[in-house]
Amino acid sequence: MFTSVAGRSVIVTGGSKGIGRGIASVFAKAGANVLIVGRDQAGLDAAAGSLSGLGGSVSTHRVDVSDRAACDDMARVALQRNGGIDVLCANAGIFPAARLTDMTPEDLETVMATNFKGTVFAVQACLPALEASGHGRIVVTSSITGPMTGFPGWSHYGASKAAQLGFIRTAAIELAPKRITINAVLPGNIKTEGLDDLGQSYLDQMAASVPQGRLGAVEDIGNAALFFATDEAGYITGQSLVVDGGQTLPESLMALEAM
Ligand code: NAP
């Protein structure tokens, strides 16, 4: 039985949709006070509405994580509203496709600004409050794409996700004396609203490449984040946990066909 996170203050960046909303729902069900942030207030309001009544509280604040000052403001709001910060889930991310032959400097900058710099800014902004909590936890949403696999059109995205892992390894050392842990979850293909538009046959094709035969649910990532946030996970830092239903395991298509 793990220690409860009930009553703890949790920030989820990118908590209005997809995986972030899944993480927020898992923490809210566990009784935490969750602040979800993103750029679009209407999306945040809709998410907060759907997450109300789960257990803990869910509130919103408009933040662009690529803006350091906005991240400082996010930390201030969490402190005022929820009395501190115990857990930061640095999850906000974008994945626009651009092949190397077409990728502009702006494409590269935009992806790195949100996915990599946004992670660093959110962490920096929350550090004083995480240290003050005495058991600070940071959980970064990385990806299998970049650290483990590749996909045409996503070289910049993959690099941003691998950069997050380089970041947490040194951050873990610097933050250890402050009793803050920092770890990453690496999702495989997770079923989010964004995938609905791609059609059932596309979804079926994606699911077929996963040994467990299904895409991940957003709560699968939330549960992994929740584990890293527990007191019992306090001796784990600088590590990555792949949550992909076995997607990265087959050495070839033949391995899947031989199942
Ligand atoms: P999503 O459904 O598009 O949600 C992205 C969230 O991030 C939204 O809440 C969005 O809200 C927010 N966001 C985007 N840019 C932001 C910014 N500059 N500042 C603040 N918030 C921002 O994406 P997702 O699929 O859930 O992905 C979430 C994370 O999981 C990303 O880091 C992604 O790399 C990672 N991931 C996803 C998958 C997958 O299969 N879905 C797999 C591996 C890794 P606003 O647009 O309102 O800002």
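Right, let's walk through the structure included here.

### Considerations on the nonpolar core
Line of reasoning, step 1. Counting 36 residues, the largest nonpolar core has I11, M74, I85, L88, C126, I138 and I182 as the members making the most contacts within it.
Line of reasoning, step 2. When contributions to this core are tallied by element, the ones reaching two or more residues are strand 2 (33–38), helix 3 (68–82), strand 4 (87–90), helix 4 (105–133), strand 5 (137–141), helix 5 (155–175) and strand 6 (181–187).
Line of reasoning, step 3. The element that contributes the greatest number of residues to this core is helix 4, accounting for 8 residues.

### Brief notes about the site of the ligand
Line of reasoning, step 1. Taken together, 28 residues lie near the ligand, and S16, I19, R39, N91 and Y157 sit nearest.
Line of reasoning, step 2. When the ligand sits alone it has 880 Å² of accessible area, and the protein chains cover 91% of it.
Line of reasoning, step 3. Taking a 2 Å distance to the grid points as the criterion, the majority of the atoms of the ligand fall inside the largest pocket.
Line of reasoning, step 4. Elements represented by at least two residues in the shell around the ligand include exactly helix 1 (18–29) and helix 5.
Line of reasoning, step 5. Here the shell around the ligand is composed, by residue class, of 9 nonpolar, 14 polar and 5 charged.

### A short note on the sheet that holds strand 4
Line of reasoning, step 1. Strand order in the open sheet formed by 7 strands is 3-2-1-4-5-6-7, and the pairing between neighbours is parallel. Strand pairing shows two members of the sheet lacking a second neighbour, strand 3 (58–62) and strand 7 (240–243), which therefore form its edges. Taken over all neighbouring pairs, the strand axes of this sheet differ in orientation by 20 degrees on average, direction set aside.
Line of reasoning, step 2. Both strand 5 and strand 6 contribute to a ladder of 5 bridges, which runs parallel. Of the residues in strand 6, the one forming a bridge with R137 is T181.
Line of reasoning, step 3. Packing against the sheet, helix 4 makes contact with strand 1 (9–13), strand 4, strand 5 and strand 6, and its axis sits at approximately 180 degrees to strand 4.
Line of reasoning, step 4. In this fold helix 5 packs onto strand 5, strand 6 and strand 7, with an angle of close to 160 degrees to the strand it touches most, strand 6.

### A few points about helix 4
Two residues of an α-helix separated by three or four positions point the same way, owing to the 3.6 residues in each turn.
Line of reasoning, step 1. The terminal C-alpha atoms of helix 4, which comprises 29 residues, lie 40 Å apart, in line with the 42 Å expected from a rise of 1.5 Å per residue.
Line of reasoning, step 2. The axis of helix 4 is deflected most strongly, by about 50 degrees, at L127, and proline P128 appears within four residues downstream.

### Topic: the pairing of strand 4
Line of reasoning, step 1. Neither face of strand 4 is open: one carries V87 and C89, the other L88 and A90, and all of them are buried.
Line of reasoning, step 2. Sheet topology note: the strand 1/strand 4 ladder contains 3 bridges and is parallel. Bridged to V12 within strand 4 is C89.
Line of reasoning, step 3. Where strand 4 meets strand 5, 4 bridges bridge the pair, whose relative direction is parallel. The residue bridging V87 from the neighbouring strand is R137, located in strand 5.
Line of reasoning, step 4. Once the chain exits strand 4 it traverses helix 4 before rejoining the sheet at strand 5, and the crossover so formed is right-handed.

### Notes on the layout of surface pockets
Line of reasoning, step 1. Space inside the largest pocket adds up to approximately 1,500 Å³.
Line of reasoning, step 2. Lining the largest pocket are 48 residues, with I19, F95, W154, Y157 and T192 sitting closest to its centre.
Line of reasoning, step 3. Of all elements in the fold, only helix 1, strand 2, helix 5, helix 6 (193–196) and helix 7 (200–208) reach the threshold of two or more residues within the lining of the largest pocket.

### Points about the packing of helix 4 against helix 5
Line of reasoning, step 1. The interhelical angle for the contact between helix 4 and helix 5, taken along N-to-C directions, is 20 degrees, at an axis separation of 9 Å. Taken together, the axis directions place helix 4 and helix 5 in an arrangement best described as roughly parallel. Where helix 4 crosses over helix 5, the two elements pack in a sense that is right-handed. Counting all contacts with helix 4, which are made through D107, L108, V111, M112, N115, F116, T119, V120, V123 and L127, the residues of helix 5 involved are H156, Y157, S160, K161, A163, Q164, F167 and L175.
Line of reasoning, step 2. For the contact of helix 4 with helix 5, the class distribution of residues is 11 nonpolar, 5 polar and 2 charged.

### Thoughts on unusual backbone geometry
Line of reasoning, step 1. If you check the backbone angles, R179 has positive phi at about 60 degrees while not being a glycine.
Line of reasoning, step 2. Here R179 is to be found in the loop between helix 5 and strand 6.
Line of reasoning, step 3. A residue is classified by how much of its surface remains accessible, and R179, at 61% relative accessible area, is exposed.

### Some details on the pattern of salt bridges
Line of reasoning, step 1. The tally for this structure, following the rule as stated, stands at 8 salt bridges.
Line of reasoning, step 2. Between R8 and D231 there is a salt bridge whose closest N-O contact spans 3.0 Å. One end of the pair, R8, is in the segment before strand 1; the other, D231, is in the loop between helix 8 (218–229) and strand 7, with 223 residues separating them in the sequence.
Line of reasoning, step 3. The partner of R76 in a salt bridge is D73, and the shortest N-O contact between them spans 3.6 Å. Placement of the pair is R76 and D73 together in helix 3, with a separation of 3 residues, close to one helical turn.
Line of reasoning, step 4. For R76, a relative accessible area of 45% translates into the label partly exposed.

Rules used throughout
- Residue numbering note: each chain is counted from 1, following its sequence as written.
- Only residues with pLDDT of 70 or above have their local features reported here, since the model is predicted, and side-chain atom pairs are shown and tallied only from 80 upward, although totals for entire chains, interfaces and linings are computed over all residues.
- To get the side-chain values, all heavy atoms of the structure are used, and hydrogens and water are removed first.
- We define the nonpolar core as a collection of buried residues of types Ala, Val, Leu, Ile, Met, Phe, Trp, Tyr and Cys that are connected through side-chain atoms lying within 4.5 Å of one another.
- Each residue is placed in one exposure class: buried if its accessible area under a 1.4 Å probe, protein chains only, is under 20% of its type's maximum, exposed if it is over 50%, and partly exposed if it falls in between.
- Secondary structure elements are taken from DSSP: a helix is a run of H or I of four residues or more, a strand is a run of E of two residues or more, and numbering for both begins at the N terminus.
- Throughout, near means a residue has at least one heavy atom within 4 Å of the molecule or strand.
- All accessible-area figures derive from a Shrake-Rupley calculation using a 1.4 Å probe, and residue coverage is judged against the displayed protein chains alone.
- Lining residues are those with an atom within 4 Å of a point, where the points come from a 1 Å grid over the protein atoms alone and group into cavities, where a 1.4 Å probe fits but cannot get out, or pockets, open sets with protein on both sides within 12 Å along at least five of seven lines.
- In this scheme, a molecule is assigned to a cavity or pocket if more than half of its atoms are within 2 Å of the grid points.
- Residues were grouped as follows: Ala, Val, Leu, Ile, Met, Phe, Trp, Tyr, Cys and Pro as nonpolar; Asp, Glu, Lys and Arg as charged; and all remaining residues, including Gly, as polar.
- By definition, two strands form a pair when at least two bridges between them are found by DSSP.
- Axes here mean lines fitted to C-alpha atoms, for a helix over just the part in contact, with angles spanning 0 to 180 degrees between N-to-C directions.
- A contact between two residues is defined here by any heavy atoms of the two lying within 4.5 Å.
- In this scheme, a helix's expected span is set at 1.5 Å multiplied by one less than its residue total.
- Fitting axes to the seven residues that end at a residue and to the seven that start at it, the angle between those axes gives the bend at that residue.
- When the strands point away from the viewer, a crossover counts as right-handed if the path from the first strand over the helix to the second runs clockwise.
- Grid points are joined across faces, edges and corners, and a volume is the space filled by probe spheres set on the points.
- Working definition: roughly parallel below 35 degrees, roughly antiparallel above 145 degrees, roughly perpendicular at 65 to 115 degrees, and oblique for all remaining angles.
- The hand of a helix crossing depends on one turn: near helix anticlockwise from the far one by less than a right angle means left-handed, and clockwise means right-handed.
- Here a salt bridge means any side-chain nitrogen of Lys or Arg lying within 4 Å of a carboxyl oxygen belonging to Asp or Glu.

That is the geometry; function is a separate question.
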